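# Architecture and fold: a report
Chain by chain, the residues run as shown.
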Amino acid sequence: MTLHLPPNMEALVSAFLRDQAEVVAMVADRVYTAIPRNDAGAPDTRWPAVRVTQLLDQPTGSPLWAIAYEIQVEAWGGSKADAFRIANVCRAVIDARISGEYPGEGIVNGTTPGPLLDLPDDDFTPAKPRFLFTSTIHARPLATLSTS
Amino acid sequence: MPPAKGFRFEPNEAGIFDAANGDGVKGILNQRATDAQREIRKLSPSRRAFFDYRKNVKVAKARRVGRTYEAAVFVDSPGWHLVEYGTAYREPTAPIRRGMKLARLDFRENE
(Lines give C-alpha, C1' and ligand atoms only; values in the text may rest on other atoms or scores of the structure.)
Protein backbone atom coordinates (compact mmCIF):
# COMPACT_ATOMS: atom_id res chain seq x y z
CA MET A 1 0.00 0.00 0.00
CA THR A 2 1.23 3.48 -0.82
CA LEU A 3 0.58 6.57 1.26
CA HIS A 4 0.53 9.89 -0.55
CA LEU A 5 2.05 12.68 1.52
CA PRO A 6 0.98 16.15 0.35
CA PRO A 7 3.64 18.87 0.62
CA ASN A 8 3.98 21.34 3.47
CA MET A 9 2.95 24.28 1.29
CA GLU A 10 3.65 26.95 3.90
CA ALA A 11 7.29 25.86 4.12
CA LEU A 12 7.51 25.37 0.36
CA VAL A 13 6.23 28.87 -0.43
CA SER A 14 8.41 30.60 2.17
CA ALA A 15 11.51 28.77 0.87
CA PHE A 16 10.46 29.59 -2.69
CA LEU A 17 10.16 33.31 -1.89
CA ARG A 18 13.53 33.36 -0.11
CA ASP A 19 15.00 31.94 -3.32
CA GLN A 20 13.67 34.72 -5.55
CA ALA A 21 16.20 37.47 -6.32
CA GLU A 22 13.52 40.19 -6.54
CA VAL A 23 12.21 39.29 -3.07
CA VAL A 24 15.67 38.96 -1.51
CA ALA A 25 16.56 42.42 -2.86
CA MET A 26 13.68 43.91 -0.84
CA VAL A 27 13.47 41.87 2.37
CA ALA A 28 16.73 39.84 2.46
CA ASP A 29 15.87 36.53 4.13
CA ARG A 30 13.03 37.92 6.25
CA VAL A 31 10.32 35.66 4.83
CA TYR A 32 8.75 33.95 7.84
CA THR A 33 6.07 31.44 8.62
CA ALA A 34 5.98 32.84 12.16
CA ILE A 35 7.23 36.30 13.08
CA PRO A 36 10.14 36.00 15.56
CA ARG A 37 9.29 37.36 19.01
CA ASN A 38 11.29 38.68 21.92
CA ASP A 39 10.80 37.68 25.55
CA ALA A 40 8.01 40.25 25.93
CA GLY A 41 6.12 38.67 23.04
CA ALA A 42 6.67 41.60 20.69
CA PRO A 43 7.83 41.10 17.09
CA ASP A 44 11.61 40.80 16.99
CA THR A 45 12.57 41.46 13.40
CA ARG A 46 13.72 44.19 11.12
CA TRP A 47 11.24 45.54 8.61
CA PRO A 48 10.19 45.17 5.87
CA ALA A 49 9.27 41.52 6.29
CA VAL A 50 6.97 38.90 4.81
CA ARG A 51 4.88 36.22 6.51
CA VAL A 52 3.46 33.15 4.77
CA THR A 53 0.51 31.35 6.38
CA GLN A 54 -1.30 28.25 5.18
CA LEU A 55 -4.98 28.82 5.90
CA LEU A 56 -6.43 25.63 4.50
CA ASP A 57 -5.56 22.60 2.43
CA GLN A 58 -8.59 21.26 0.62
CA PRO A 59 -8.22 17.79 -0.92
CA THR A 60 -10.40 17.18 -3.95
CA GLY A 61 -11.16 13.70 -2.64
CA SER A 62 -9.67 10.27 -2.16
CA PRO A 63 -7.01 9.20 -3.01
CA LEU A 64 -5.17 12.11 -1.44
CA TRP A 65 -3.69 13.24 -4.72
CA ALA A 66 -4.84 16.73 -5.66
CA ILE A 67 -4.85 19.46 -3.02
CA ALA A 68 -5.88 23.11 -3.19
CA TYR A 69 -4.00 25.18 -0.61
CA GLU A 70 -5.10 28.62 0.52
CA ILE A 71 -1.91 30.55 1.27
CA GLN A 72 -1.93 34.05 2.76
CA VAL A 73 1.15 36.21 2.13
CA GLU A 74 1.57 39.47 4.06
CA ALA A 75 4.15 42.17 3.44
CA TRP A 76 4.89 44.83 6.04
CA GLY A 77 6.74 48.01 5.02
CA GLY A 78 8.72 50.35 5.54
CA SER A 79 6.51 52.75 3.80
CA LYS A 80 3.15 52.00 2.26
CA ALA A 81 4.80 52.02 -1.17
CA ASP A 82 7.36 49.44 0.04
CA ALA A 83 4.63 47.18 1.43
CA PHE A 84 2.72 47.37 -1.85
CA ARG A 85 5.81 46.68 -3.95
CA ILE A 86 6.86 43.67 -1.89
CA ALA A 87 3.38 42.11 -1.88
CA ASN A 88 2.96 42.84 -5.56
CA VAL A 89 6.28 41.17 -6.42
CA CYS A 90 5.56 38.16 -4.19
CA ARG A 91 2.20 37.64 -5.87
CA ALA A 92 3.75 37.97 -9.32
CA VAL A 93 6.61 35.51 -8.72
CA ILE A 94 4.24 32.98 -7.18
CA ASP A 95 1.94 33.33 -10.17
CA ALA A 96 4.72 33.12 -12.76
CA ARG A 97 7.31 30.76 -11.31
CA ILE A 98 6.10 28.49 -8.53
CA SER A 99 4.69 25.76 -10.76
CA GLY A 100 7.05 22.81 -11.01
CA GLU A 101 8.58 19.93 -9.13
CA TYR A 102 10.04 20.31 -5.63
CA PRO A 103 12.17 17.25 -4.78
CA GLY A 104 11.19 15.75 -1.46
CA GLU A 105 8.03 17.85 -1.28
CA GLY A 106 5.62 17.75 -4.20
CA ILE A 107 4.56 19.10 -7.53
CA VAL A 108 2.86 22.47 -7.89
CA ASN A 109 0.43 22.36 -10.79
CA GLY A 110 -0.75 25.96 -10.85
CA THR A 111 -2.08 28.90 -8.89
CA THR A 112 -5.05 31.22 -8.74
CA PRO A 113 -3.90 34.61 -7.44
CA GLY A 114 -6.19 36.58 -5.16
CA PRO A 115 -6.70 40.32 -4.78
CA LEU A 116 -4.11 42.53 -3.11
CA LEU A 117 -5.61 44.05 0.05
CA ASP A 118 -4.39 47.19 1.81
CA LEU A 119 -4.74 46.31 5.52
CA PRO A 120 -2.47 48.37 7.80
CA ASP A 121 -1.44 46.50 10.97
CA ASP A 122 -3.35 48.16 13.84
CA ASP A 123 -1.16 46.54 16.48
CA PHE A 124 1.42 49.25 15.83
CA THR A 125 0.99 52.93 16.65
CA PRO A 126 0.70 54.42 14.14
CA ALA A 127 -0.58 51.47 12.09
CA LYS A 128 2.21 49.84 10.08
CA PRO A 129 1.60 49.65 6.31
CA ARG A 130 0.77 46.12 5.20
CA PHE A 131 -0.50 44.60 1.98
CA LEU A 132 -1.61 41.00 1.75
CA PHE A 133 -3.12 38.53 -0.64
CA THR A 134 -4.36 34.97 -0.59
CA SER A 135 -3.44 32.66 -3.44
CA THR A 136 -4.88 29.24 -4.14
CA ILE A 137 -2.04 26.86 -4.99
CA HIS A 138 -2.87 23.53 -6.59
CA ALA A 139 -0.41 20.76 -5.84
CA ARG A 140 0.00 17.03 -5.58
CA PRO A 141 2.28 14.77 -3.56
CA LEU A 142 5.67 13.68 -4.73
CA ALA A 143 6.65 11.86 -1.59
CA THR A 144 5.04 8.49 -1.14
CA LEU A 145 5.50 6.02 1.66
CA SER A 146 5.23 2.33 0.91
CA THR A 147 3.91 0.16 3.69
CA SER A 148 3.52 -3.58 3.85
CA MET B 1 -39.06 12.82 -5.78
CA PRO B 2 -41.55 15.69 -6.05
CA PRO B 3 -40.20 19.16 -5.36
CA ALA B 4 -41.00 20.85 -2.07
CA LYS B 5 -44.19 22.85 -1.88
CA GLY B 6 -43.77 26.17 -3.61
CA PHE B 7 -40.49 25.12 -5.20
CA ARG B 8 -40.24 25.51 -8.94
CA PHE B 9 -37.62 25.77 -11.61
CA GLU B 10 -37.59 28.39 -14.30
CA PRO B 11 -35.05 29.23 -16.99
CA ASN B 12 -32.67 32.07 -16.26
CA GLU B 13 -31.51 34.61 -18.87
CA ALA B 14 -29.17 32.02 -20.36
CA GLY B 15 -32.04 29.55 -20.72
CA ILE B 16 -30.71 27.32 -17.94
CA PHE B 17 -33.29 26.02 -15.51
CA ASP B 18 -32.44 27.24 -12.08
CA ALA B 19 -34.07 27.48 -8.69
CA ALA B 20 -35.65 30.89 -8.34
CA ASN B 21 -38.82 31.00 -6.30
CA GLY B 22 -40.59 29.52 -3.37
CA ASP B 23 -40.08 28.45 0.20
CA GLY B 24 -37.85 25.59 -0.94
CA VAL B 25 -35.27 28.04 -2.21
CA LYS B 26 -35.40 30.10 0.95
CA GLY B 27 -34.96 26.92 2.96
CA ILE B 28 -31.87 25.91 0.98
CA LEU B 29 -30.32 29.36 1.34
CA ASN B 30 -31.04 29.51 5.05
CA GLN B 31 -29.56 26.05 5.51
CA ARG B 32 -26.36 26.96 3.65
CA ALA B 33 -25.99 30.17 5.66
CA THR B 34 -26.52 28.26 8.89
CA ASP B 35 -23.93 25.67 7.80
CA ALA B 36 -21.41 28.47 7.21
CA GLN B 37 -22.29 30.05 10.57
CA ARG B 38 -21.61 26.74 12.33
CA GLU B 39 -18.22 26.31 10.64
CA ILE B 40 -17.16 29.90 11.35
CA ARG B 41 -18.16 29.52 15.01
CA LYS B 42 -16.07 26.35 15.30
CA LEU B 43 -13.03 28.32 14.12
CA SER B 44 -13.73 31.48 16.08
CA PRO B 45 -11.38 32.57 18.90
CA SER B 46 -11.53 30.19 21.84
CA ARG B 47 -11.64 33.05 24.32
CA ARG B 48 -15.37 33.77 24.49
CA ALA B 49 -14.90 37.41 25.38
CA PHE B 50 -12.78 38.15 22.30
CA PHE B 51 -14.64 41.16 20.93
CA ASP B 52 -17.85 39.13 21.37
CA TYR B 53 -16.79 37.34 18.20
CA ARG B 54 -18.54 33.99 18.62
CA LYS B 55 -21.98 35.30 19.54
CA ASN B 56 -21.81 37.85 16.75
CA VAL B 57 -21.48 35.31 13.95
CA LYS B 58 -24.97 35.91 12.59
CA VAL B 59 -27.24 34.76 9.80
CA ALA B 60 -29.54 37.04 7.87
CA LYS B 61 -32.43 34.83 6.74
CA ALA B 62 -33.28 34.64 3.05
CA ARG B 63 -35.17 37.61 1.68
CA ARG B 64 -36.33 38.59 -1.72
CA VAL B 65 -33.84 40.65 -3.75
CA GLY B 66 -35.12 41.50 -7.21
CA ARG B 67 -36.29 38.29 -8.86
CA THR B 68 -34.46 35.95 -6.53
CA TYR B 69 -33.53 35.44 -2.87
CA GLU B 70 -30.42 36.13 -0.85
CA ALA B 71 -29.34 34.92 2.58
CA ALA B 72 -26.18 36.09 4.36
CA VAL B 73 -23.81 35.14 7.13
CA PHE B 74 -21.79 37.93 8.70
CA VAL B 75 -19.56 38.64 11.70
CA ASP B 76 -20.74 41.72 13.54
CA SER B 77 -17.65 42.04 15.76
CA PRO B 78 -15.18 44.94 15.68
CA GLY B 79 -12.30 42.47 16.09
CA TRP B 80 -13.11 40.32 13.07
CA HIS B 81 -10.12 41.52 11.04
CA LEU B 82 -7.64 40.74 13.83
CA VAL B 83 -8.26 37.01 13.57
CA GLU B 84 -9.16 36.97 9.89
CA TYR B 85 -5.95 38.53 8.59
CA GLY B 86 -3.75 38.50 11.69
CA THR B 87 -1.26 41.10 12.86
CA ALA B 88 2.47 40.97 13.54
CA TYR B 89 1.51 39.94 17.09
CA ARG B 90 -1.19 37.44 16.10
CA GLU B 91 -1.28 34.59 13.58
CA PRO B 92 -4.19 34.76 11.14
CA THR B 93 -6.76 32.02 11.76
CA ALA B 94 -9.19 33.18 9.07
CA PRO B 95 -12.45 31.81 10.53
CA ILE B 96 -14.58 33.41 7.83
CA ARG B 97 -12.59 32.28 4.81
CA ARG B 98 -11.89 28.82 6.19
CA GLY B 99 -15.45 28.42 7.49
CA MET B 100 -16.94 29.28 4.12
CA LYS B 101 -14.67 26.79 2.38
CA LEU B 102 -15.41 24.08 4.92
CA ALA B 103 -19.12 24.70 4.39
CA ARG B 104 -18.43 24.07 0.68
CA LEU B 105 -19.36 27.60 -0.32
CA ASP B 106 -17.55 29.72 -2.85
CA PHE B 107 -15.99 32.77 -1.28
CA ARG B 108 -14.04 35.49 -3.02
CA GLU B 109 -12.52 38.49 -1.34
CA ASN B 110 -13.53 41.96 -2.46
CA GLU B 111 -16.89 40.81 -3.84
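Our subject is the structure that appears above.
Anyway, here's the lowdown on the structure attached to this text.

Definitions and cut-offs
Residues numbered from 1 in each chain as written. Chains lettered and ligands numbered in written order. Predicted model: local features only at pLDDT ≥ 70, side-chain atom pairs only at ≥ 80, totals over all residues. Helix = DSSP H or I, 4+ residues; strand = E, 2+ residues; numbered from the N terminus. Buried ≥ 20, exposed ≤ 12 C-beta atoms within 10 Å, placed from the backbone. Contact = placed C-beta atoms within 7 Å. Nonpolar A, V, L, I, M, F, W, Y, C, P; charged D, E, K, R; others polar. Expected span 1.5 Å × (residues − 1). Arc of directions from axis to C-beta.

Moving on, we get to the overall build of chain A. In terms of helices and strands, chain A carries 3 helices and 9 strands. In chain A, the succession of α and β elements from N to C terminus is β-α-α-β-β-β-α-β-β-β-β-β. The principal-axis extent of the C-alpha atoms belonging to chain A is close to 55 × 35 × 25 Å. Looking at chain A as a whole, 34% of its 148 residues qualify as buried.

Chain A puts 18 residues into the contact, and the matching count from chain B is 14 residues. Broken down by secondary-structure element, the contributors of at least two residues to the side of chain A that touches chain B are β3 (49-59), β4 (67-76) and β8 (130-141) of chain A. Taken together, the residues that form the side of chain A that touches chain B break down as 9 nonpolar, 5 polar and 4 charged.

Residue and element names in this part refer to chain A. Here helix α3 (residues 80-97) contains 18 residues, and its C-alpha end-to-end distance of 26 Å stays within 8% of the 26 Å for a straight helix at 1.5 Å per residue. The set of residues buried in α3 consists of Ala83, Ile86, Ala87, Cys90, Arg91 and Ile94. The buried side chains of α3 occupy one side of the element, clustering within an arc of 125° when seen end-on. Facing away from the buried side of α3 by more than 90 degrees, the exposed set consists of Ala81 and Ala96. Buried residues along α3 sit against α1 (9-18), α2 (21-27), β3, β4, β6 (106-112) and β8.

Residue and element names in this part refer to chain A. Here the residue pair Trp47 and Pro48 is connected by a cis peptide bond, since its omega of 5° sits within 30 degrees of zero. Along the chain, Ser62 connects to Pro63 via a cis peptide bond; the corresponding omega equals 5°. You can see Pro63 is positioned in the loop between β3 and β4. A positive phi angle, near 55°, is found at Ala28, a position not held by glycine.

Moving on: helix α3 (residues 95-102) of chain B. Along α3 of chain B, 6 of the 8 residues are buried, which leaves the element largely enclosed by surrounding structure. Within the span of α3 of chain B, buried status applies to Pro95, Ile96, Arg97, Arg98, Gly99 and Lys101 of chain B.

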